[in-house]
2 protein chains.
Amino acid sequence: MNIILLSGGSGKRLWPLSNDIRSKQFIRMLSDEKGGFESMLGRVYRQISAVDAQARITIATGKKQVSLIKNQLGDRVSVCVEPCRRDTFPAICLAASFLRDVQGVGEDEAVVVCPVDPYVEASYFEALKEMAGMAQGGSANLYLMGIEPTYPSEKYGYIIPKSAERVSGVDTFREKPDVATAEKYIAQGALWNGGVFAFRLGYLLRKAHERLTFTDYQDLYARYAEMEKISFDYALAEREKEIRVLRFGGQWKDLGTWNTFSEAMADNVLGRAALNETCENTHVVNELNIPILCMGCSDMVIAASSDGILISDKEQSSYIKPYVEQIEQQVMYAEKSWGSFTVLDVQEDSLTIKIVLLPGHALHYHSHEHRDEVWTVMSGRGKAVIDGTERKVGPGDVISMPAGCRHTISADSELKVVEVQIGKDISVEDKCKHEL
Amino acid sequence: MNIILLSGGSGKRLWPLSNDIRSKQFIRMLSDEKGGFESMLGRVYRQISAVDAQARITIATGKKQVSLIKNQLGDRVSVCVEPCRRDTFPAICLAASFLRDVQGVGEDEAVVVCPVDPYVEASYFEALKEMAGMAQGGSANLYLMGIEPTYPSEKYGYIIPKSAERVSGVDTFREKPDVATAEKYIAQGALWNGGVFAFRLGYLLRKAHERLTFTDYQDLYARYAEMEKISFDYALAEREKEIRVLRFGGQWKDLGTWNTFSEAMADNVLGRAALNETCENTHVVNELNIPILCMGCSDMVIAASSDGILISDKEQSSYIKPYVEQIEQQVMYAEKSWGSFTVLDVQEDSLTIKIVLLPGHALHYHSHEHRDEVWTVMSGRGKAVIDGTERKVGPGDVISMPAGCRHTISADSELKVVEVQIGKDISVEDKCKHEL
């Protein structure tokens, strides 16, 4: 099976664990099969491989997420990166072109597109396989997944099928309705639009060419900004006559809010937290290394990370987005392809961060115009290159880098370093990369 | 007026802002008169000076609090330090002896003893002055303050006066009762025992000699451990026949729990926090430099510091102590006589802290046996002494101190330093002080 996983999202709704860099699909809070924790991305990737060990998985995403995806899945994963943000239709066209021109997938092969973050069981991926089979051999151009609704949600689009059969034609699509309208749709037999599409590669590429003429993947990539911002639903699904919907009644959850996310947690507490016996139906996720004590909390969700602390009634937590947008906070923690960084201290003329470099990885060779930096190695072994001169480093070693000095560090074993930045107007923009 | 302020307390009840070092009286959360914040200690000290500019104030406390008291009140304050923890009677005897032998107070002068943490107005200190006057000129040996109760509290001892007059004899004392018993006492005209005592210095010293024979303050200090652990109430007040109680009906609050403490806060929020419009009667104190967002919180108190995070229903917050005792957490922030330190990062074989040195102050000259240290100066100017060699330091300067190396640093202007400690079994015990 060829599968395109769409990985987008700005991640305000699961603040403070999600931020501009770490969208919700990257938060490692779900119990994996070995007693540890995995992210939605990790879970979906694992589940697809379990259902189809030969699956060719391509992740379609933006620039910001590439480091994180590689941090979580390793360099083996195939990533198709949008040069700028468009909408789902252009992103799927780019990924389709990537599949043909880079991966060598034939135009008669079926491709399934699926969001990266549904909380589902194996049956969902069995259904994807079935959809791929239908797209490959069936008569329709486009196959959708229709989720059997469990309540009249305002959050999803609805598909009204022509019949109650397992595979049916589509009568019409409906936008996100209010609750009363949703109830009417459901009475008419409507299904949630799960954002899953299956088609033959050639079909999609023809549709792409109707909107933009391009020669191949490289050409489309170069001219990507010319593509109109339009969703796959608007651009294609709602116009296609030869379309079928597969009814899916298995477990399907959208863990998009803290309220729904907490339902998927194996325990009430993740991280350092104690709830006294007067707490009820309260979930705590604590990524900080200080303890949380909850007393007399009912129906609450509490989430703490180096970006901030959320304390919310569970139902209220669905309305978080506008409040988070008002919070000005620099990113305090980020996972990168080479490891991670954590901001430890912010002063007017200095910034102190902790850098964790994974074995075999290195920072870019770079310099800063307006700040001096000092590295103190806490643990691990590696090599630093300072203005072209290489030296070995280990615990207790100190490297001073005045402004203008070119520097990098690489890890032989996992390397933990405290970096003190000193200067006026410290900014992530003040970084000049060099060839080593 | 000679006044002894008793400053004790382990400070579990206002966790995480109070800890083993920072008792509740040191937390700067009360609005001062200039739009800033002051601690209970700072407030009481200021209030006494306003009522009696000539007041001779002595703070009786334990070793752990000396640094903090001097940090908050400056070196001018007179502190009488217990060599070990006893109870209030020995502490008052030591302070009385300190007043006579170190401060030169005459035995016929009156002394007032008062807790360091009542939340009161000027009228309270006017009453103290009146009690001092009565002790000086009156016929009784001991004068107490009886607070007019506002509810049948289980938290206080009760004094049953002989009459309803403003100054009365004492019929009897009662231990902390249950609510029903407290109601009965109040019906009998009982008053709360406010822990305020006034007497002539010679009287108290005679009573001290009945329990331990000593020559002077130095001698008592040396033999302090021999004193029996006993409260002033048991040892003296409940046995004294010539005793009077002054009835006090002014504002008096014991800010000993988060529930009562939050009532004294001028605003619902102290520090970085946002409450959405669905929050009701909720107070937030945030000492962390990350934002807190509260949604749908009712009747809650939220307190965050580098020691931990409390999220509690207000009523439940009174029962915090046993839960806090179960939390194992090293002290992450402490104010010292020379400034403060904050733990930034804890690893298995390293610890990173931020040191803020106040101008004119210095660390002790010291060394460590089992760890290396590295200082990186973030801001400020000062001098470091390393194995006897002095050098000037400023922003960006780095000092490496291998185990065994003797070192100190002093601040010309406020100095901020990142200290990385590296070694196995890092402990505050591993410190050897030296003469400079």
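What counts and what doesn't
- Residues numbered from 1 in each chain as written.
- Chains lettered and ligands numbered in written order.
- Predicted model: local features only at pLDDT ≥ 70, side-chain atom pairs only at ≥ 80, totals over all residues.
- Heavy atoms only, no water.
- Buried < 20%, exposed > 50% of the residue type's maximum accessible area, 1.4 Å probe, protein only.
- Helix = DSSP H or I, 4+ residues; strand = E, 2+ residues; numbered from the N terminus.
- Pairing = 2+ DSSP bridges.
- Polar contact = N/O pair within 3.5 Å; in protein donor to acceptor, adjacent residues only side chain to side chain.
- Contact = heavy atoms within 4.5 Å.
- Core = buried A, V, L, I, M, F, W, Y, C linked by side-chain atoms within 4.5 Å.
- Buried area = accessible area lost by both parts, 1.4 Å probe.
- Salt bridge = Lys/Arg side-chain N within 4 Å of Asp/Glu carboxyl O.
- Nonpolar A, V, L, I, M, F, W, Y, C, P; charged D, E, K, R; others polar.
- Least-squares fit on C-alpha atoms with pLDDT ≥ 70 in both.
- pLDDT = per-residue confidence, 0-100.
- Phe/Tyr/Trp six-rings, centres within 6.5 Å; stacked < 30°, edge-to-face > 60°.
- Lys NZ or Arg CZ within 6 Å of the ring centre and 35° of its normal.
- Axes fitted to C-alpha atoms, helices over the stretch in contact; angles between N-to-C directions.
- Expected span 1.5 Å × (residues − 1).

A.B. asks: I would appreciate a short explanation of the pairing of strand S18 (residues 300-305) of chain A in the present structure.
C.D. replies: In regular strands, side chains alternate between the two faces of the sheet. All names here are of chain A. The element S18 is extensively covered by neighbouring structure, given that six of its six residues are classed as buried. Side chains Met-300, Ile-302 and Ala-304 of S18 all project onto a buried face; the interleaved residues Val-301, Ala-303 and Ser-305 project onto the opposite face, where all are buried too. Bridge count for strand S16 (residues 283-286) against S18 is four bridges, and the pairing is parallel. Among the inter-strand pairings, His-283 is bridged to a residue of S18, identified as Val-301. When S18 meets strand S19 (residues 308-313), the two strands line up antiparallel, connected through six bridges. Its bridge partner lying in S19, Ile-302 is registered against Ile-311. Between S18 and S19, which follow one another and run antiparallel, lie two residues.

A.B. asks: Would you mind showing me how to read unusual backbone geometry here?
C.D. replies: Working note: non-glycine residues mostly have negative phi, and peptide bonds are mostly trans. Cis geometry marks the peptide bond from A:Trp15 to A:Pro16, where omega comes out at 5°. Positive phi is not limited to glycine here, since A:Asn281 has a value of about 45°. Overall, A:Asn281 belongs to the partly exposed group, its relative accessible area being 42%. Positive phi is not limited to glycine here, since B:Asp299 has a value of about 50°. Mapping B:Asp299 onto the fold places it in the loop between strand S17 (292-295) and strand S18 (300-305).

A.B. asks: What should I look at first to understand the sheet that holds S17(B) in this one?
C.D. replies: Working definition: the strands of a sheet are paired by backbone hydrogen bonds and lie parallel or antiparallel to each other. Pairing in this open sheet of six strands is mixed, and the strands run S14(A)-S16(A)-S18(A)-S19(A)-S17(B)-S15(B) from one edge to the other. Either end of the sheet is taken by a strand with one partner, and the two such strands are strand S14 (269-270) of chain A together with strand S15 (273-275) of chain B. One ladder, built from four bridges, connects S19(A) with S17(B); its direction is parallel. The partner of A:Ser312 across the bridge, within S17(B), is B:Met295.

A.B. asks: Whenever I open this one, the side chain of A:Ser231 confuses me. Can you help?
C.D. replies: All names here are of chain A. Within the secondary structure, Ser-231 is located in the loop between helix H7 (217-222) and helix H8 (232-237). Judged by relative accessible area, Ser-231 falls into the buried class, the value being 14%. Of the polar contacts made by the side chain of Ser-231, one reaches the backbone nitrogen of Tyr-234; its length is 3.1 Å. If we ignore the near neighbours within four places in the chain, the residues touching Ser-231 are Asp-87, Thr-88 and Phe-89.

A.B. asks: Help me understand the nonpolar core in this model?
C.D. replies: Inside soluble globular proteins, nonpolar side chains tend to come together where they are buried. Core analysis: the biggest nonpolar cluster contains 117 residues, and A:Ile311, B:Tyr124, B:Leu128 and B:Ile311 have the highest contact counts within it. By residue number, the principal contributor to this core is helix H4 (residues 122-137) of chain B, which donates eight residues. With residues up to four places along the chain from it excluded, the contact list for B:Ile311 reads A:Ile292, A:Leu293, A:Cys294, A:Met295, A:Cys297, A:Ile302, A:Ile311, B:Met300, B:Val301 and B:Ile302. Judged by nonpolar contacts, the second largest core, of 47 residues, contains A:Ile3, A:Leu5, A:Leu68 and A:Ile69.

A.B. asks: How should the interface of chain B and chain A be read in this particular structure?
C.D. replies: Interface size, as often reported, equals the accessible area lost upon joining of the parts. Across the boundary between the two partners, chain B contributes 55 residues, which contact 55 residues of chain A. Interface area for chain B against chain A, summed over the two sides, is near 4,200 Å², with a carbon-plus-sulfur share of 66%. Counting the surface chain B buries against chain A, the share from its top three residues, B:Leu293, B:Met295 and B:Ile311, is 17%. Counting across the interface, chain B meets chain A through two salt bridges. Between A:Asp345 and B:Lys354 there is a salt bridge, with the nearest N and O atoms lying 2.8 Å from each other. No other element matches strand S19 (residues 308-313) of chain B, which puts six residues into the side of chain B that touches chain A. For the side of chain B that touches chain A, the per-class residue count stands at 31 nonpolar, 16 polar and eight charged.

A.B. asks: Explanation requested: the side chain of A:Lys24 in the structure shown.
C.D. replies: All names here are of chain A. Examined against the element boundaries, Lys-24 turns out to sit in the loop between strand S1 (2-7) and strand S2 (30-31). A relative accessible area of 16% means that Lys-24 is categorised as buried. For Lys-24, the side chain forms a polar contact with the side chain of Asp-117, separated by 3.3 Å. When near neighbours in sequence (up to four residues on either side) are disregarded, Lys-24 contacts Leu-14, Ser-18, Met-40, Asp-117, Asp-254, Leu-255 and Gly-256.

A.B. asks: Teacher, can you tell me more about the relation of the copies chain B and chain A here?
C.D. replies: Both copies of the chain are related through a single rotation about an axis accompanied by a shift along the same axis. Structural alignment of chain B on chain A gives an RMSD of 0.1 Å, achieved by rotating through 180° and translating 0.0 Å along the axis. Such a turn and shift between the copies fits a two-fold axis. Considering only C-alpha atoms, the residue of chain B closest to the rotation axis is B:Leu344, which sits at 2.9 Å. When the interface residues of chain B are mapped onto chain A, 100% of them are again interface residues, pointing to one common binding face.

A.B. asks: I would appreciate a short explanation of the confidence of the model for chain A in the present structure.
C.D. replies: Detailed reading of the predicted coordinates is not advisable wherever pLDDT is low. With 100% of its residues at a pLDDT of at least 70, chain A reaches an overall mean of 93. Here the predicted complex scores 0.81 on pTM and 0.81 on ipTM.

A.B. asks: Looking at this structure, I do not really get the packing of aromatic side chains. What am I missing?
C.D. replies: Aromatic ring pairs are described here by two measures, namely the spacing of the ring centres and the angle between the planes. Following the criterion strictly, the structure yields 26 aromatic pairs over all chains and no others. Considering the side-chain rings of B:Tyr156 and B:Trp252, the 5.3 Å spacing of their centres and the 70° angle between planes classify their relative orientation as edge-to-face. Residue B:Tyr156 is located in the loop between strand S8 (142-147) and strand S9 (158-161), and its partner B:Trp252 is located in strand S13 (residues 252-254); the two are separated by 96 residues in the primary sequence. Here B:Tyr156 matches B:Trp252 in class, with each residue buried. Judged by centre distance (5.8 Å) and plane angle (50°), the ring pair of B:Trp192 and B:Trp252 falls under tilted. With a gap of 60 residues between them, B:Trp192 in strand S11 (residues 191-200) and B:Trp252 in strand S13 connect regions that are remote in the sequence. Judged by relative accessible area, which is 14%, B:Trp252 ranks as buried. Taken together, the ring pairs connect A:Phe89, A:Phe197, A:Phe199 and A:Phe232 into an aromatic cluster. Between the NZ or CZ atom of A:Arg211 and the centre of the ring of A:Phe89, over which it lies, the distance is 5.6 Å.

A.B. asks: Looking at this model, I keep getting lost on the sheet that holds strand S27 (residues 398-401) of chain B. Mind explaining?
C.D. replies: All names here are of chain B. Taken in spatial order, the six strands of this open sheet run S20-S21-S22-S29-S24-S27, and their pairing is antiparallel. A single partner strand is all that each edge strand has here, and the edge strands are strand S20 (333-336) and S27. Going across the sheet, the axis of each strand differs from the next one's by a mean of 20°, ignoring polarity. The pairing of S20 with strand S21 (residues 339-346) spans four bridges and is antiparallel. Across the sheet, the residue bridging to Ala-334 is Phe-341, located in S21.

A.B. asks: Any chance you could explain helix H3 (residues 88-101) of chain A here in plain terms?
C.D. replies: Since one α-helical turn is 3.6 residues long, residues separated by three or four positions face the same way. All names here are of chain A. Over its 14 residues, H3 extends 20 Å from the first C-alpha to the last, a length consistent with the 20 Å expected when each residue adds 1.5 Å. With eleven of its 14 residues buried, H3 lies for the most part within the structure. Inspection of H3 places Phe-89, Pro-90, Ala-91, Ile-92, Cys-93, Leu-94, Ala-95, Ala-96, Ser-97, Phe-98 and Leu-99 among the buried residues, and these make up the whole buried set.

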